[in-house]
Amino acid sequence: TLQIVTPGSNTSLIQPGFSLLHFGSHVFFLGQKGWPKRSCPTGVFLLDLKNNELKLRPTTFTNDSCYLPPLRHPAVCSFPVSQGGEITQYLIHGGKTPNNEISHKLYIMAMAFPVNKRVSLCCSEKDLAGDVPEARYGHSMNVVFSRGKTAVVMFGGRSYLPLNQRTTENWNNVIDCEPLVYLIDLQFGCSTSFNLRELQDGLSFHVSLARNDTVYVFGGHSLGNNFRPPNVYKIKVDLPLGSPAVSCTVINSKLSFSSSIATQTSPDEFVIVGGYESDSQKRLTCNGVFLDDETIDIQEIETPDWSGEIKHSKTWFGADMGKGAVLFGIPVDNKHQSTDCGFFFYVLNFGDNDPALQTCSQGSTEEQEDSMPLEDSEEFTFNRDGNIFDEDT
């Protein structure tokens, strides 16, 4: 189903490059284009989609949290405690700040125990040692499970030219990061890089899906040769007692795209939607991806009934809301410039449930201006002047 939603409070903050973190029925927005304002110093918002109206509500952090800057195009992945278990925390790495600086930090985000029905988040910074990945954006992270152990696989992305190569003219020029695969042990904060001969070109804005000990990388864009490879890279991780091993197999899929969004509809099924087939061509087809222990099956599936605005817009952007739902936006055209928000927003739902996030709003987090004013008949004044009431009364 494809449903247009009405922009409400704070939706002007939603810009290309945002991310969504979903903890159960709660979905949080990260990645506004400017620095947070005093009304929400954290820059992270609870996504409230109720009665077909989209609102962003300020979110609080626990007192022991570190500061998380607003980051666009970071690598984000969920980190379940157990294989196939419920999502308990997210990893956030890299991304661009509003000053166009590229972050190199790794953050761990978790949902704190709710107090007075108010949802709070807890954010901590994780220090890495060893082959530490450079600052980057447009890359991917996934969690893999092997022999009872877990690791994080990081790949791809873009970064600025090295400082010794930068001049005034090319100061903001970006290049592909080296096509290294990083394996990160979160328990000890150790990072190891692997140079695989199957990965020759840098890649960014790709889709990555993980199952057990394997990560599948689809599509993406190589800046160096302006190429969207029609390959799936199958990266397999083995975590024995000694040194870890990483191998790669190349599968030709005949799918070529970048900046697409993947959402999971069941434990072994995903949908890839959106993105671009070329610099000037949006990708309007959708693909189902079915994974098992050894094989991958990619099928074109029925496409939504795209609206005329979606078909004719040159750009679109979005993020995974979880449970088979995707939130995406397209620029408002000149005919609708009177609207406060610069984008139309849609929820595309591939799951079994009706529009996601019906349970996401929280009365305790409603903003003051959303409250109904009291009518005169509902206001009470108590006055004891003139001994109107005796003590018993």
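Scroll up a little and you will see the structure.
As a starting point, this report considers the structure included with it. These figures come from a predicted structure and were not determined experimentally.

For the protein, the helix and strand inventory stands at 1 helix and 30 strands. The buried share of the protein, reckoned over its 393 residues, is 48%. Considering only contacts in the protein between residues 6 or more positions apart, those separated by 24 or more positions represent 55%. Accessible surface for the protein amounts to roughly 20,300 Å². Of this, 48% is attributable to carbon and sulfur atoms.

Moving on, we come to the side chain of D48. Positionally, D48 belongs in strand β4 (residues 44-50). With relative accessibility at 4%, the residue D48 sits in the buried group. A polar contact of 2.9 Å, which involves the side chain of D48, links it to the side chain of R57.

Our next topic: the nonpolar core. With 21 residues, the main nonpolar core has L20, L327 and F345 as its most contacted residues. Excluding its chain neighbours within four sequence positions, the residues that come into contact with F345 are Q3, I4, V5, P7, T11, I14, L54, F317, L327, F328 and G329. Ranked by size, the runner-up nonpolar core spans 18 residues in total, among them V144, A151, L199 and Y233.

Attention now moves to the sheet that holds strand β18 (residues 207-211). Read from one edge of the open sheet, 4 strands run β18-β19-β20-β21, paired in antiparallel fashion. Strands with a single pairing partner mark the edges of an open sheet, and in this sheet they are β18 and β21 (245-252). Neighbour to neighbour, the strand axes of the sheet diverge by 20° on average, direction disregarded. For strand β19 (residues 214-218) and strand β20 (residues 231-238), the ladder comprises 5 bridges, and the chain directions are antiparallel. Paired with V215 across the two strands is I235, which belongs to β20.

As a further point, take the pairing of strand β1 (residues 2-7). As defined by bridge partners, β1 adjoins strand β30 (residues 343-349) across 4 bridges and the pair is classed as antiparallel. The residue bridging I4 from the neighbouring strand is Y346, located in β30. When β1 meets strand β5 (residues 53-58), the two strands line up parallel, connected through 2 bridges. Directly across from T6, in β5, lies its bridge partner E53.

This paragraph deals with the sheet that holds strand β23 (residues 269-273). Here 4 strands make up an open sheet; going across it, the order is β22-β23-β26-β27 and the pairing antiparallel. The sheet is open, and its two edges are formed by β22 (261-266) and β27 (296-301), each paired on a single side. Between one strand axis and the next, the sheet turns through 25° on average, direction left out of account.

Counted as a void, the second largest pocket has a volume near 340 Å³. Contributing elements (two or more residues each) for the lining of the second largest pocket: β13 (149-155), β16 (180-185) and β17 (190-195). Class assignment of the residues belonging to the lining of the second largest pocket gives a composition of 11 nonpolar, 5 polar and 2 charged.

Next up on the list: the pairing of strand β9 (residues 106-111). Across the 6 residues of β9, 5 count as buried, placing the element largely inside the fold. Sheet topology places strand β8 (residues 87-93) next to β9; 5 bridges connect them, and they run antiparallel. Its bridge partner lying in β9, L91 is registered against I108.

Basis of the calculations
Residues numbered from 1 in each chain as written. Predicted model: local features only at pLDDT ≥ 70, side-chain atom pairs only at ≥ 80, totals over all residues. Heavy atoms only, no water. Helix = DSSP H or I, 4+ residues; strand = E, 2+ residues; numbered from the N terminus. Buried < 20%, exposed > 50% of the residue type's maximum accessible area, 1.4 Å probe, protein only. Contact = heavy atoms within 4.5 Å. Areas by Shrake-Rupley, 256 points an atom, 1.4 Å probe, with all protein chains shown as cover. Polar contact = N/O pair within 3.5 Å; in protein donor to acceptor, adjacent residues only side chain to side chain. Core = buried A, V, L, I, M, F, W, Y, C linked by side-chain atoms within 4.5 Å. Pairing = 2+ DSSP bridges. Axes fitted to C-alpha atoms, helices over the stretch in contact; angles between N-to-C directions. 1 Å grid on protein atoms, 1.4 Å probe; cavity = no way out; pocket = protein on both sides within 12 Å on 5 of 7 lines; lining within 4 Å. Points joined across faces, edges and corners; volume = space filled by probe spheres on them. Nonpolar A, V, L, I, M, F, W, Y, C, P; charged D, E, K, R; others polar.

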